[in-house]
Amino acid sequence: MSTLTISLDERMRLVTAVLAASDWPEEEQKQQPHAVHSQAKLVRQFVQPFRTHPAVKGVNEALLNGVELEELFSAALRSTWPGFEPTSELPHLLKINEWVHSLADFAGETSIMTLFWAKHTAVWDNALADLEKVFAGDRLLASLAQLHDGEIETAVTLMPNLVYPALSPVVATTDDALTLLLPPPKAVGESPPWPYDEGSGWVVATVCRQLIPYLLTAELAQLDRRQQHLALYAAAAYCLTQMLDEAEAQAYLLRTKKAHDMPELPTLFAQLQAEIESGNGRPLTALFQE
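Every value quoted in this text rests on a predicted model; they were computed, and no experiment measured them. (Residues numbered from 1 in each chain as written. Predicted model: local features only at pLDDT ≥ 70, side-chain atom pairs only at ≥ 80, totals over all residues. Heavy atoms only, no water.)

Trainee: Go over the pattern of salt bridges with me, naming the residues and quoting the values.
Mentor: Side chains that differ in sign of charge can pair as their charged atoms come close. Per the stated rule, a full pass over the model turns up nine salt bridges. With a closest N to O distance of 3.4 Å, K95 and E61 form a salt bridge. Taken together, the residues span a long stretch of sequence, with K95 in the loop between α5 (69-77) and α6 (96-110) and E61 in helix α4 (residues 54-64) at a distance of 34 residues. A residue is classified by how much of its surface remains accessible, and E61, at 35% relative accessible area, is partly exposed. (Salt bridge = Lys/Arg side-chain N within 4 Å of Asp/Glu carboxyl O. Helix = DSSP H or I, 4+ residues; strand = E, 2+ residues; numbered from the N terminus. Buried < 20%, exposed > 50% of the residue type's maximum accessible area, 1.4 Å probe, protein only.)

Trainee: Help me get a handle on the packing of helix α1 (residues 10-21) against α5, residues and values and all.
Mentor: Where α1 meets α5, the closest approach of the two axes is 9 Å, and the angle between their N-to-C directions is 135°. Our classification of the angle between α1 and α5 gives oblique. Our pair here, α1 against α5, has a crossing hand that is right-handed. Along the contact surface, α1 presents R11, M12, V15, T16 and L19, while α5 presents L69, F73, A76 and L77. (Axes fitted to C-alpha atoms, helices over the stretch in contact; angles between N-to-C directions. Parallel < 35°, antiparallel > 145°, perpendicular 65-115°, else oblique. Left-handed = near helix turned anticlockwise from the far one by under 90°. Contact = heavy atoms within 4.5 Å.)

Trainee: Please provide a residue-by-residue account of empty space enclosed by the protein, values included.
Mentor: Scanning the model with the defined rule gives two cavities of 30 Å³ or more in all. Within this model, the largest cavity holds a volume of roughly 50 Å³. In terms of lining residues, the largest cavity is bounded by A35, V36, H37, A40, N161, L162, V163, A166, P183, P184 and P193. The volume enclosed by the second largest cavity comes to roughly 40 Å³. Looking at the second largest cavity, the residues that line it are H34, A35, A166, L167, P184, P185, K186 and P193. (1 Å grid on protein atoms, 1.4 Å probe; cavity = no way out; pocket = protein on both sides within 12 Å on 5 of 7 lines; lining within 4 Å. Points joined across faces, edges and corners; volume = space filled by probe spheres on them.)

Trainee: Could you give me a rundown of the packing of aromatic side chains, with the residues and numbers involved?
Mentor: Tallying each qualifying case throughout the model produces six aromatic pairs. Summarising the aromatic geometry, the rings of W81 and F84 are spaced 5.8 Å apart at their centres and angled 80° between planes, so their arrangement reads as edge-to-face. Under the relative-accessibility criterion, W81 is labelled partly exposed at 34%. The exposure class assigned to F84 is buried, which follows from its relative accessible area of 0%. Residues W117 and W124 carry aromatic rings whose centres are separated by 5.6 Å and whose planes lie at 85° to one another, so their mutual orientation is edge-to-face. The structure contains a cluster of three or more aromatic residues connected by ring pairs, namely F46, F116, W117 and W124. (Phe/Tyr/Trp six-rings, centres within 6.5 Å; stacked < 30°, edge-to-face > 60°.)

Trainee: So what about the pairing of strand β4 (residues 177-182)? Which residues, and what values?
Mentor: Most of β4 is tucked away, with five of its six residues classed as buried. Strand direction decides the pairing type here: strand β2 (residues 155-160) and β4, joined by six bridges, are parallel. Bridge pairing in β4 places A155 opposite A177. The pairing of strand β3 (residues 170-173) with β4 spans four bridges and is antiparallel. Across the sheet, residue V171 finds its bridge partner in β4, namely L180. Taking the residues that link successive antiparallel strands as the turn, the β3-β4 hairpin has three residues. (Pairing = 2+ DSSP bridges.)

Trainee: Residue-level account of the layout of surface pockets, with values.
Mentor: Here the largest pocket defines a volume of roughly 390 Å³. What lines the largest pocket is a set of 17 residues, and nearest its centre among them are L167, P169, W202, T206 and R209. Classifying every residue of the lining of the largest pocket by side-chain character gives eleven nonpolar, four polar and two charged. Estimates place the volume of the second largest pocket at around 260 Å³. Examining the composition of the lining of the second largest pocket, we find that five residues originate from one element, α4, more than from any other. Residue composition of the lining of the second largest pocket, by class: eight nonpolar, three polar and four charged. (Nonpolar A, V, L, I, M, F, W, Y, C, P; charged D, E, K, R; others polar.)

Trainee: Explain α5 to me, and be specific about the residues and the numbers.
Mentor: For α5, the tally of buried residues reaches seven of nine residues, placing the bulk of the element in the interior. Inspection of α5 places L69, L72, F73, S74, A75, A76 and L77 among the buried residues, and these make up the whole buried set. Looking at the packing, one finds that the buried side of α5 touches α1, α2 (24-31), α4, α6, β3 and β4.

Okay, structure coming up:
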């Protein structure tokens, strides 16, 4: 069975810095005004002189053409560090090879590794430590395996993302592994984001929802769109019972039922628990069988 690794990937972190120099921060604020982590502010200041770099122009062009962030991060993940030579097939995007190679030049021109990241190791070490507290042991993947007919084989890496995107997680993939970049929990109003371990309920539920479409693909493929959403939220609640406690799961179900107009969610969650306890296999899809 695969294990959950919590670590930094410099390829991924470099892409967050490229995003900081791009039009993304302004577009993100238009989507939803929010305060960002202090690292996001500092990185954005540091990379301002490089807004016209080909790597940054490439991101702006890609976003205008509807390219998803997952595809850009995946392209970087499928490349070497620090040279950014492709190690496997890149996403099928226009100019993707040129953009990946421009990342190496961006790293060299900015000297961000030595002039910036090296001076800010403590804040990243703290973020890693906070996530390690939340995900101590292999309980998350063990919980997801109970929703799956068999062990989970995909290698999973969880990485704190203190830069951009600041509002949404991103999953980068290779043929046999995935890396989930997770922003810190958003605070209320204009307050800075919370530390990961102070929003552990949000962290666990969010990570669970992000991983399931990649780890339980066959199960979700048998469901229609609404059933998939219900299954994801019910599964997230189950992860909360296993990682935290039943009270956290019930509070999550109540919030989600109201926010997403899913009155049947608590009943489905109870059914999911019963299916798992029965040990008959494929509990997610069994929820919706006639």
